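# Topology and contacts: notes
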Amino acid sequence: MARSNTHSLKVGRRAVLATALAAFLCGCADWAAAGPNLVDMQVVDRENGQILQQYPYNDRLFVAGRPGARYALRVQNRTAGRVMVVLSVDGVNVITGQTAAHHQTGYVLEPWRSYDLNGWRKSDTEIAAFEFASLGQSYAAKTGRPGNVGVIGMAVFEEKPLPPPPPVSVGPSIAERKTAELAAERDAAQQGRVAAAPAATPPALTRDSAAAARAESNAGASVDGRSYESEPGRRIAPAPSADKLGTAHGQREWSVSGRTQFERATLRPASVRSIEYDQYENLVAMGVVPTRYSGQRPRPFPSSRDQPGFVPDPPQNLR
């Protein structure tokens, strides 16, 4: 099991983040959906509050962004327990700014709760807004890491169950205490009557009877020795018609933080999700967004009747 000494941040409705110090064994698929859907992730346009439509293509998910628009990552815990999500944008951890890896800091989500994560974490009280921008203006490109611009990633970890609490010792009830007191009084009275009678002289013990008595007295003694304890699909040949989209380091915003402890149940993520993004024109050119025809589609044989003869001359322009 992976032991994590963690800390957290309250973001929006008290989301929290956690840092895991244990080493991580790689091997999880970095495609659109790997493992159970423990946490939903959506991209929200903060300018109009709309959830961006997701386009499935070759076992991948895409959304179309607009240059200059601020966006949020909306994550919802779909389980009855706490989970930790390690989030990356353009291959960069959104909390630490490190080149992203599964074992790094992540947000801890309370059961069934939903959170909007609006930007790069700058401190316990501040973020820099996620903002769609050209490749050259992206935070990843400006920090020398342009190779993974255009993808949002989420690795989900479940929490290791806590050990059961020790049994609680419960004292006797009032009725039980009263019953015990009455029994003790009856025993005391009986012992008084027995003491008033003359004691009988015990018979002399023989050697055999003494041994039998000792054996009988030890017969009930015992010691309890128990201890309780998809294949990712074909490569898309890019044919962009506009600048490739990335995520900029936007304006600073207020975001209060807190800290918590979280111990991962496993070294590997329970699930991995990713969403790729670009400008709408580029997604159309790549074949991600299906082309829609305007008006009636042209037909090769619009008439079903035979038209014998030859091609007639076009009509002359009237003067």
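Residues numbered from 1 in each chain as written. Predicted model: local features only at pLDDT ≥ 70, side-chain atom pairs only at ≥ 80, totals over all residues. Heavy atoms only, no water.

### Quick word on the pattern of salt bridges
The condition is simple: Within this document, salt bridges are pairs made up of a side-chain nitrogen of Lys or Arg and a carboxyl oxygen of Asp or Glu, the two lying within 4 Å of each other. Throughout, exposure labels follow a simple rule: accessible area from a 1.4 Å probe, protein chains only, divided by the maximum for the residue type, with under 20% read as buried, over 50% as exposed, and the rest as partly exposed.
The final tally for this structure, using the stated rule, is 10 salt bridges. Among the salt bridges present, the one from R46 reaches E253, with a minimum N-O distance of 3.0 Å. Residue R46 is classed as partly exposed on the basis of its relative accessible area, which comes to 25%. The class for E253 is buried, based on a relative accessible area of 17%.

### With respect to the sheet that holds strand β7 (residues 71–77)
Cut-off, in case you're wondering: If DSSP finds at least two bridges between two strands, the strands pair. For the purposes of this entry, the term helix denotes a DSSP run of H or I that reaches at least four residues, the term strand denotes a run of E that reaches at least two, and both are numbered from the N terminus.
One open sheet accounts for 4 strands, arranged β4-β3-β7-β11; its pairing is antiparallel. Each end of this open sheet is capped by a strand with a single partner; those strands are β4 (50–51) and β11 (114–117). Across 4 bridges, β7 lies against β11 in antiparallel orientation. Looking at the pairing, Q76 lines up with S114 of β11.

### Here we look at the sheet that holds strand β13 (residues 126–134)
Stated formally: Throughout, an axis means a line fitted to C-alpha atoms (over the contacting stretch in the case of helices), and angles, computed between N-to-C directions, take values from 0 to 180 degrees.
Here we have 3 strands laid out as an open sheet, ordered β12-β13-β15, and antiparallel in their pairing. What marks the edges here is a single partner per strand, and that holds for β12 (119–123) and β15 (245–254). Neighbour-to-neighbour, the strand axes of this sheet turn through a mean angle of 30°, independent of strand direction. For β12 and β13, the ladder comprises 4 bridges, and the chain directions are antiparallel. If you follow S123 over to β13, its bridge partner there is E126.

### Concerning the packing of aromatic side chains
Note the threshold: Two rings from Phe, Tyr or Trp (for Trp, the six-membered ring) form a pair when their centres sit within 6.5 Å of each other. Planes less than 30 degrees apart are called stacked, planes more than 60 degrees apart edge-to-face, and all others tilted.
A complete count under the given rule lists 5 aromatic pairs for this structure. For the ring pair Y71 and F130, a centre distance of 5.3 Å and an interplane angle of 15° mean the geometry is stacked. Within this pair, whereas Y71 is found in strand β7, its partner F130 is found in strand β13, the two being separated by 59 residues in sequence.

### Focus on the pairing of strand β6 (residues 60–65)
Taken across its 6 residues, β6 has 5 buried, putting it largely inside the fold. Sheet topology note: the strand β5 (residues 55–57)/β6 ladder contains 3 bridges and is antiparallel. Each bridged residue has a counterpart across the sheet, and for Y57 the counterpart in β6 is R60. Connecting β5 to the next strand, β6, in antiparallel fashion are 2 residues, including N58 with a positive phi near 55°. Pairing geometry for β6 and strand β16 (residues 271–279), over 4 bridges, is parallel. Across the sheet, the residue bridging to G65 is Q279, located in β16.

Everything listed here is a matter of geometry and, on its own, says nothing about what the molecule does.
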